[in-house]
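Now for the letters of each chain:
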Amino acid sequence: MIPAGAVKVRVPAKINLALAVGDLRDDGYHDLLTVFHAVNLCDDVTIAKSARWSVKCETPDVPTDSTNLALRAARRLANECQAAFPVSISIAKAIPVAGGMAGGSADAAAALVGCAALWRSGHTREELGAIAAELGADVPFALHGGTAIGVNRGDSISPVLTRMELHWVIALPGGGLSTPAVFAELDRLRAQGLAESSTDLQAVLKALTSGDVGDVGQALGNDLQAAAISLAPDLRRTFRAAKEAEAVAALLCGSGSSIALLCRDADDAEDIALQMAGSGTVAGVRVVHGPAQGARIIEG
Ligand code: C5P
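What counts and what doesn't
- Residues numbered from 1 in each chain as written.
- Predicted model: local features only at pLDDT ≥ 70, side-chain atom pairs only at ≥ 80, totals over all residues.
- Heavy atoms only, no water.
- Helix = DSSP H or I, 4+ residues; strand = E, 2+ residues; numbered from the N terminus.
- Rg over C-alpha atoms; globule rule 2.2 N^0.38 Å.
- Buried < 20%, exposed > 50% of the residue type's maximum accessible area, 1.4 Å probe, protein only.
- Contact = heavy atoms within 4.5 Å.
- Areas by Shrake-Rupley, 256 points an atom, 1.4 Å probe, with all protein chains shown as cover.
- Near = heavy atom within 4 Å.
- Polar contact = N/O pair within 3.5 Å; in protein donor to acceptor, adjacent residues only side chain to side chain.
- Arc of directions from axis to C-beta.
- Pairing = 2+ DSSP bridges.
- Axes fitted to C-alpha atoms, helices over the stretch in contact; angles between N-to-C directions.
- Core = buried A, V, L, I, M, F, W, Y, C linked by side-chain atoms within 4.5 Å.
- Salt bridge = Lys/Arg side-chain N within 4 Å of Asp/Glu carboxyl O.
- Phe/Tyr/Trp six-rings, centres within 6.5 Å; stacked < 30°, edge-to-face > 60°.
- Lys NZ or Arg CZ within 6 Å of the ring centre and 35° of its normal.

Secondary structure summary: the protein chain contains ten helices and twelve strands in total. What you see for the protein chain is a C-alpha radius of gyration of 19 Å, in line with the 19 Å of a compact globule of 300 residues. Taking the principal axes of its C-alpha atoms as reference, the protein chain extends roughly 55 × 45 × 35 Å. Taken across its 300 residues, the protein chain has 54% of its residues classed as buried. Within the protein chain, contacts between residues separated by at least 24 positions form 75% of all contacts whose residues are at least 6 apart in sequence. Entry remark: accessible area of the protein chain is about 13400 Å², with carbon and sulfur atoms responsible for 48%.

The following block contains the structure:
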């Protein structure tokens, strides 16, 4: 139960079916070409009227001060909304922290949707999308959900029309990885000629149209994978375990450290999850499927 007058927003994690990283730009970001895919591993964010601005979350390593991205999102929207009042934001996290699945961005997207409703701000989804892009490269997709192409920093989104449902096991290695550190490691490897882009967006889009899970598995690619493995070599053990468990394919989620294992169907995912859980290479596993809806109000 949520307090009277509050809203609860559910928001999905993302994986990238393809993530091609271009050059480092003057603003510190890299140009990206990516296919985002939202999966039903969701945070629930409750927003209620309050005497003062606050955020709480029981999961370790989530900041609960003014740097929290959901709180920043709420305050950013309040600047544009005459009827805004302070809110308390309470985050129930299922999306792994520092897992490359855009959990912080998801919470920010949820805060935008929840606050817009509480304050009756009248913002359209497009207007919220523009504010989302200011907050972070992955925030617009968390609003959007589904499967979508992302360009620029990943924040310009166009939907991919596919009805293909994909089943996954998410393997959670013990420690997280810092997104800026992984991008910087890719730049370093490239400067030494040790990494090149092999990710083919068109192949993924074609495979999604074919509806063949094997084709999708062959086409998956993430330019950040080599950099993440370079920083966290133990990830290799998890990839080896994924192969032994006969997943269709395995790929790093975003900048890691989570790894997504593509499965043939829901039963196959349950079997592979059991094998991965017993492999001694992961701290946890989650069985999920996609595409999932973007940030939406589920109560209030
Ligand atoms: O947008 P967000 O705050 O999630 O990005 C975190 C960091 O990841 C950026 O500061 C940047 O170092 C890196 N990044 C990047 N290129 C992108 C997205 C993120 O270099 N397109």
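The immediate surroundings of the ligand are formed by Gly28, Tyr29, His30, Leu32, Gly136, Ala137, Arg153, Thr179, Pro180 and Phe183. Tyr29 has a polar side-chain atom sitting 3.0 Å from an oxygen atom of the ligand. A distance of 2.8 Å is found between an oxygen atom of the ligand and a backbone nitrogen or oxygen belonging to Ala137. Surface burial for the ligand is 76%, taken as the share of its 450 Å² of free accessible area covered by protein chains. Broken down by element, the shell around the ligand gets its largest block of residues, three residues, from helix H5 (residues 179-191).

Attention shifts here to helix H6 (residues 201-210). Where H6 is concerned, the buried positions are Leu201, Val204, Leu205, Ala207 and Leu208. One side of H6 carries all its buried residues, which in axial view fall inside an arc of 160°. In H6, the exposed residues that point more than 90 degrees away from the buried face are Gln202, Lys206 and Thr209. As for H6, its buried residues are in contact with strand S1 (7-24), strand S2 (30-49), strand S5 (147-151), strand S7 (166-172) and helix H7 (213-219). Of the residues flanking the start of H6, the one acting as N-cap is Asp200, its side-chain oxygen 3.1 Å from the backbone nitrogen of Gln202. Following H6 by one or two positions, Gly211 adopts a phi angle in the positive range, close to 75°.

The subject of this paragraph is the sheet that holds strand S11 (residues 284-290). Taken together, the four strands give an open sheet; going across it, the order is S9-S10-S7-S11, and neighbouring strands pair in antiparallel fashion. A single partner strand is all that each edge strand has here, and the edge strands are strand S9 (249-252) and S11. When strand polarity is set aside, the average angle formed by the axes of neighbouring strands in this sheet is 25°. Relative to strand S10 (residues 259-263), S9 runs antiparallel, the two sharing four bridges. Directly across from Leu252, in S10, lies its bridge partner Ile259.

Residue placement: Asp44 occurs in strand S2. Filtering out sequence-adjacent residues up to four positions away, Asp44 remains in contact with Lys8, Val9, Arg10, Ser90, Ile91, Ala92 and Ile298.

Another point: the nonpolar core. Membership of the largest hydrophobic core comes to 68 residues, with the highest contact counts inside it found for Ile89 and Trp168. By size, the runner-up hydrophobic cluster in this structure holds 30 residues, among which are Val169, Ala171, Phe183 and Ala273.

A few words on the pattern of salt bridges. Scanning all chains against the criterion turns up twelve salt bridges. One salt bridge in this structure joins Arg25 and Asp31, with 3.1 Å as the shortest N-O distance. Take Asp31: its relative accessible area is 34%, and that puts it in the partly exposed class. Among the salt bridges present, the one from Arg264 reaches Asp268, with a minimum N-O distance of 2.8 Å. A relative accessible area of 44% means that Arg264 is categorised as partly exposed. Classification of Asp268 by relative accessible area gives buried; the value is 14%.

What follows deals with the packing of aromatic side chains. Within the structure shown, the criterion is met by three aromatic pairs. Arranged with centres 4.6 Å apart and planes meeting at 10°, the rings of Phe36 and Phe141 form a pair that is stacked. On the criterion of sequence distance, the pair formed by Phe36 in strand S2 and Phe141 in helix H4 (residues 139-144) is long-range, its members being 105 residues apart. Each member of the pair, Phe36 together with Phe141, is buried. With 6.3 Å between their ring centres and 85° between their planes, Phe85 and Trp119 make a pair best called edge-to-face. In this pair, Phe85 is assigned in the loop between helix H1 (69-78) and strand S4 (87-92) and Trp119 in the loop between helix H2 (103-118) and helix H3 (125-135), connecting sequence segments 34 residues apart. Accessibility classification places Phe85 together with Trp119 in one group, the buried group. Its guanidinium or amino end placed over the ring of Phe85, Lys49 lies 4.9 Å from that ring's centre, counting from NZ or CZ. Positioned over the ring face of Tyr29 is Arg153, at 4.5 Å from the centre of the ring.

Keep in mind these values describe shape, not function.
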